[in-house]
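# Understanding the architecture of this molecule
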Amino acid sequence: MFDFRRLLFFIGNKIRRKKYRDDPSAFTLAREELWEADFSKPAKSRFDIKSESSYDANPEKHSLALSLWKTGCIAWVWTPGYSWSDQTIEAKLRLLSMGGYAAAGILFRMIDESACYMLLVSGRGYFRLDVLRNNMPFPLIGWTEAPAAGGDDSLAAETGFTLKVTACGSRFIIFINGIWAAELNDSSISRGALGFVLASYEAGPGEKDGGRYTARAFLDALTVDSRAAEVMAAHDRWNGSPAIPPERRFALAETFAAMGEPNPALVQLKKAWEHAPKRTQKELLLASRLARQLELYGEAGEYAEASLAEGPGPEWTEAAIEKAKMLYVSGQFEALKAYLDGAPCLCAGNPALCTLLGHALWNLGRREEAALAYDRAFELDGEDGLPAKNAANMYDMLGRKEEALDRYLKGGRAFLAADNYSDLGAIVPKLLSLGKDNREAHALAGKWAFGIEDWTAAEGEFDAAEDLRKAARPRPRKDPALLFLKALLVARGGKRRQAIPLFEDAVKHAPDYGLFRFRLAENRFLLDPGDPRALQDCNAALSLLESGEESFGWACNLAAQIALHRGNPEAASLHLEKAAALLGEVPAIRVNRAVLFFLRGSLDQALAVLESGGEGDPEGLMANCAGNLLVRAEKYGEADEQYRLALLRSPGNAEYLCNRASSLVKLERYGEADELLAQAHRRSPSPEILELISYVAVKKGEFSRAESACLAALAMEADHAPSLLSLGWLRTQASRWDEVKEILRHLERLDLTGEHAESREELKRSLENGVYRRVACASCGRSWRMPKFPSPVPPIRLYAMPPDELPAGSCPECGKTWCIGCAKEHLDGDGRFLCSTCGKPLKLTDEGLKKIIQDWASREIKPPAPSPAERPPPAPSGEPPAPSGSSSPPSGSPSL
């Protein structure tokens, strides 16, 4: 059923008249008159008939027409300045739901848009009455089947119906299509104006009326009789009248019971029986439940016995259960046991009766028998964890700890499957005390902590469960759900790259579970939109998920995002239609529609899709997207406005704070950007935020702080490529070349693509330019790479001519350098290399060029062994040997 309270909370499409809200004297005194509205001319109708952006209001063929442009919307027109207290209102209306779900009706005793009574009739044949106080709806009568003309069981969605309300003091009597529908007491508002209201909850599959409106309603006639005597007579005529159909009172009683109002429900039942030919088994069963809730146990027992006396029927078993409940809540445990012992066949096959038997036995001190009864109840209904929990309590009291732990585990599984975190949390202390060495106990505790968003406790329990799994022999299979939740925790901490292997492991152990594959695809895409594996995993998820599931809709939405990134708008459009069919026009869908329009070249259409008064974008998702698109269009000032709106709707959202900071950087407002990034980091620390902080610090000239931010980011994620690159550039500026080399070695180990790979190559070139220089031959252009600041090269002796491609030396006059291949064409008489320009002998004085020759010599040649003739004679005993070698190099061998 549609959440009516939520619809009214996000009301944005109302006619507001501030002077009536702020000045109660603007209303006339309560009138006593017989008045009929005349819609032939707006001035005669007393209604303030004006249209707004989300609806149209106008007279149409002697009727007042109200038409809505969108769903999830409510609108009204009213009679400001007129006030009635006691009154009988009669209205004739028509509702066109356009194939969707809509409701129309009247407002009465309306002080302003925040305080009134609202009576609605839906196109599906139900009515409700609410009182609005401080703009919040409080249901007085929930959705109840409406009486139809001619005694039909339903109300046609596109035909006329009539409403009649007699309001006498705090007493209201409601008629629909001339048939009594409800009565109640409420004294919230004593007097006020009238209004005509239309609400649209769901869109139809097709469009009518030219596709213009989602719902339409027409007020064809309206009369008000506020003459005190006439209103009192109308009230007295129907107060306890035998003409009221008993089935209408029973329908109202069922509604009150469903609303948790047992007293008015029982009153209506008793009034129905005053004029009903017979009390049915269903009515007696309901009366027994209501009396039990009111602690009228004697009366409840009488109704239960009367229901059972009707004999076997659809409600007979429920009546037996109701009698057992009445005996239990009234403390008649011996009688309850005797009653259930008297119907062993019924009790043995009914989980509720087995549970009640366990309660009786426990209160009688027979714990072992109670445990068996609870076990039987859980066998019959394994989806209800309460009998297992009760059995565990019994075994724990009996000192049978292993059986107690077994039942707590069974109950915990059932609670978890039903998303019942309240009852699961109640048994977590027992699970951990009895199962401190039990892997599943810690896993359940971790899943409970995850469900209540206690992330630290969840991580600790998951780690404990994994440690116990690893220690077990034989080692149990990994729990894919545990892997998946652990991956979500890691991703939530901003470490998506580390989360990927966990998602992959979960998929490996549950390959047919589509949700795991979808989350893997989503995280791949968020980490790197160009990753082809994201598309593969998304397609696999779509093939595994059921086409009617909500998760299938989100997978389609992701497929649309991937298609948009890959430049395939046609595929994106198809995926978005599938997603919208399941999810509706939620903000995430509208965001992707906007991106689709933007990529097709229409920023205006994209922004129009994202327009919202706030009620349709409670988390600021669309405002954030509008900011992103404006940034891409280089409209940074307008983008900042949108980011501010997003943050108003979701204060402290780290993503929005970072986006706004990025736009402020473009506007060169670095101080504001720095403050926003600091807020984002405090709320959700991540390497990405720290890298942005580093960038802003550089812009502010705070290089030391920038380096600290990069190091902090790398402490969180050692392989965070953007932070490694930023740190590399910072150290390049400081000429800390050895550290830059180490960073580049780290980056080489990473599989980088796109901008990161390009930035790595640029950093390499910067290192090359910062550490090395090139010297070229003045003739042939051959060049040599050498350090900019080489260490001194010790003197070396060559025993062979170096190859032509090595340097011969530089001219001391003109500074030109020549290779051996070019220099040997210009030799002097002694065979020395000469500069072909100046004719001066070349000198090998550059330490870098010397190092090139030294490296070649140490690699390619060894000094020759001396000949026997050149060997010195053995030194006489006690005399030192003569020095070996020659004082001059061999002919043709240069000495350095």
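Residues numbered from 1 in each chain as written. Predicted model: local features only at pLDDT ≥ 70, side-chain atom pairs only at ≥ 80, totals over all residues. Heavy atoms only, no water.

## Comments concerning the overall build of the protein
- A tally of helices and strands in the protein yields 36 helices and 18 strands.
- Projecting the C-alpha coordinates of the protein onto the three principal axes gives extents of approximately 145 × 80 × 45 Å.
- For the protein, restricting intrachain contacts to residue pairs at least 6 apart in sequence, the fraction spanning at least 24 positions comes to 59%.
- Counting every atom, the protein has about 43,300 Å² of accessible surface; 50% of that belongs to carbon and sulfur.
- The average position of the 111 basic charges and that of the 122 acidic charges among the side chains of the protein differ by 4 Å. (Helix = DSSP H or I, 4+ residues; strand = E, 2+ residues; numbered from the N terminus. Contact = heavy atoms within 4.5 Å. Areas by Shrake-Rupley, 256 points an atom, 1.4 Å probe, with all protein chains shown as cover. Lys, Arg positive; Asp, Glu negative; His and termini not counted. Charge placed at Lys NZ, Arg CZ, Asp CG, Glu CD.)

## Focus: the packing of helix 27 (residues 636–649) against helix 28 (residues 654–666)
- Viewed as axis vectors pointing N to C, helix 27 and helix 28 meet at an angle of 160 degrees, and their least axial separation amounts to 9 Å. It follows that helix 27 is roughly antiparallel to helix 28 by the angle criterion. Here the hand of the crossing between helix 27 and helix 28 comes out left-handed. Every residue of helix 28 that contacts helix 27 at Tyr636, Asp640, Tyr643, Arg644, Ala646 and Leu647 is listed here: Tyr656, Leu657, Asn659, Arg660, Ser663, Leu664 and Lys666.
- Of the residues that constitute the contact of helix 27 with helix 28, the class distribution is seven nonpolar, two polar and four charged. (Axes fitted to C-alpha atoms, helices over the stretch in contact; angles between N-to-C directions. Parallel < 35°, antiparallel > 145°, perpendicular 65-115°, else oblique. Left-handed = near helix turned anticlockwise from the far one by under 90°. Nonpolar A, V, L, I, M, F, W, Y, C, P; charged D, E, K, R; others polar.)

## Things to note about the packing of helix 7 (residues 297–309) against helix 8 (residues 316–329)
- Packing of helix 7 against helix 8 brings their axes to within 9 Å, and their N-to-C directions diverge by 160 degrees. Relative to helix 8, the element helix 7 is oriented roughly antiparallel. Crossing hand, helix 7 versus helix 8: left-handed. Listed contacts from helix 8 to Tyr297, Ala300, Gly301, Ala304, Glu305, Ser307 and Leu308 of helix 7 are Trp316, Ala319, Ala320, Lys323, Met326 and Val329.

## Things to note about the pattern of salt bridges
- By the definition in use, this model includes 63 salt bridges.
- Notably, a salt bridge pairs Glu672 with Arg669, separated by 2.9 Å at the nearest N-O pair.
- For Asp855, the salt bridge is made with Lys851, and the minimal N-O distance between the two is 2.7 Å. Of this pair, Asp855 and Lys851 both sit in helix 36 (residues 847–860), four residues apart, which is roughly one turn of that helix.
- Bridged by salt links that share partners, the residues Arg171, Glu183, Arg249 and Lys271 form one connected network. (Salt bridge = Lys/Arg side-chain N within 4 Å of Asp/Glu carboxyl O.)

## Regarding the environment of Phe39
- Mapped onto the elements, Phe39 comes out in the loop between strand 1 (34–36) and strand 2 (55–59).
- In the structure, Phe39 is positioned 505 residues away from Leu544 in sequence and 58 Å away in space, judged by C-alpha atoms.
- Among all residues touching Phe39, those that are not within four sequence positions of it are Ser45, Phe47, Pro59, His62, Ser63, Leu64, Leu219, Asp220 and Ala221.

## A short note on the sheet that holds strand 4 (residues 73–78)
- The strand order across the open sheet built from six strands is 4-13-6-7-8-9, with neighbouring strands paired in antiparallel fashion. Each edge of the open sheet is held by one strand with a lone partner, namely strand 4 and strand 9 (136–145). The sheet shows a mean angle of 20 degrees between the axes of neighbouring strands, taken without regard to direction.
- Direction of pairing for strand 6 (residues 101–112) relative to strand 7 (residues 115–122): antiparallel, over a ladder of seven bridges. Bridging from a neighbouring strand, Ala104 pairs with Val121 of strand 7.
- Strand contacts of helix 4 (residues 246–258): strand 8 (126–133) and strand 9, with the helix running at about 135 degrees to strand 9, the strand carrying the most contacts. (Pairing = 2+ DSSP bridges.)

## Some thoughts on unusual backbone geometry
- Going from Arg473 to Pro474, the amide bond is cis rather than trans, its omega being -5 degrees.
- Here Lys61, not a glycine, exhibits a phi torsion of approximately 55 degrees, which is positive.
- The phi torsion at Ser735 lies on the positive side, around 60 degrees, for a residue other than glycine.
- Summarising the element assignment, Ser735 is placed in the loop between helix 32 (721–733) and helix 33 (737–748).

## Regarding the side chain of Glu461
- Looking at the element boundaries, Glu461 is found in helix 17 (residues 455–471).
- Setting aside residues no more than four positions away along its own chain, Glu461 makes contact with Leu432, His442, Ala445 and Gly446.

## Quick look at the pairing of strand 13 (residues 193–202)
- Burial analysis of strand 13 places nine of its 10 residues in the buried class, which makes it a mostly covered element.
- Pairing between strand 4 and strand 13: six bridges, direction antiparallel. Among the inter-strand pairings, Ala75 is bridged to a residue of strand 13, identified as Leu198.
- Here strand 6 runs beside strand 13; their pairing, made up of eight bridges, is antiparallel. From the neighbouring strand, Ala104 faces strand 13, where its bridge partner is Leu198. (Buried < 20%, exposed > 50% of the residue type's maximum accessible area, 1.4 Å probe, protein only.)

## Considering helix 14 (residues 401–417)
- Taking 1.5 Å of rise per residue, 17 residues should cover 24 Å, and helix 14 covers 24 Å from first to last C-alpha, within 8% of that figure.
- When helix 14 is considered as a whole, its buried residues turn out to be Ala404, Leu405, Arg407, Tyr408, Leu409, Gly411, Gly412, Ala414, Phe415 and Leu416.
- On its buried face, helix 14 is in contact with helix 12 (367–380), helix 13 (386–397), helix 15 (421–434) and helix 16 (439–451).
- Positive backbone phi, approximately 55 degrees, marks Asp419, located one or two places after helix 14. (Expected span 1.5 Å × (residues − 1).)

## Details of the packing of aromatic side chains
- One pass over the full model with this rule turns up 16 aromatic pairs.
- Here the aromatic rings of Tyr101 and Tyr201 are separated by 4.8 Å at their centres, their planes lie at 65 degrees, and the arrangement is edge-to-face. Pair noted here: Tyr101 is in strand 6 and Tyr201 is in strand 13, with a separation of 100 residues, a long-range link. Across the pair, exposure class does not vary: Tyr101 and Tyr201 are buried alike.
- These aromatic residues form a ring-pair network of at least three members: Phe484, Phe503, Tyr513 and Phe516.
- The ring of Phe218 carries Arg94 above its face, with NZ or CZ at 4.4 Å from the centroid. (Phe/Tyr/Trp six-rings, centres within 6.5 Å; stacked < 30°, edge-to-face > 60°. Lys NZ or Arg CZ within 6 Å of the ring centre and 35° of its normal.)

## Overview of the state of the cysteines
- Counted by the stated rule, this structure contains zero disulfides.
- The closest cysteine sulfur to the non-disulfide-bonded Cys73 is located on Cys116, 15 Å from its own sulfur.
- Between Cys538, a cysteine without a disulfide, and Cys556, which holds the nearest cysteine sulfur, the sulfur-to-sulfur distance is 7.8 Å. (Disulfide = S-S within 2.5 Å.)

## A few points about helix 16
- If you check helix 16, its first and last C-alpha atoms are 18 Å apart, about what 13 residues at 1.5 Å a residue would give, namely 18 Å.
- Listed in full, the buried residues belonging to helix 16 are Ala441, His442, Ala443, Leu444, Ala445, Gly446, Lys447, Ala449 and Phe450.
- Residues of helix 16 that are buried make contact with helix 14, helix 15, helix 17 and helix 18 (480–492).
- Sitting at the head of helix 16, Asn438 places a side-chain oxygen 3.0 Å from the backbone nitrogen of Glu440. (Polar contact = N/O pair within 3.5 Å; in protein donor to acceptor, adjacent residues only side chain to side chain.)

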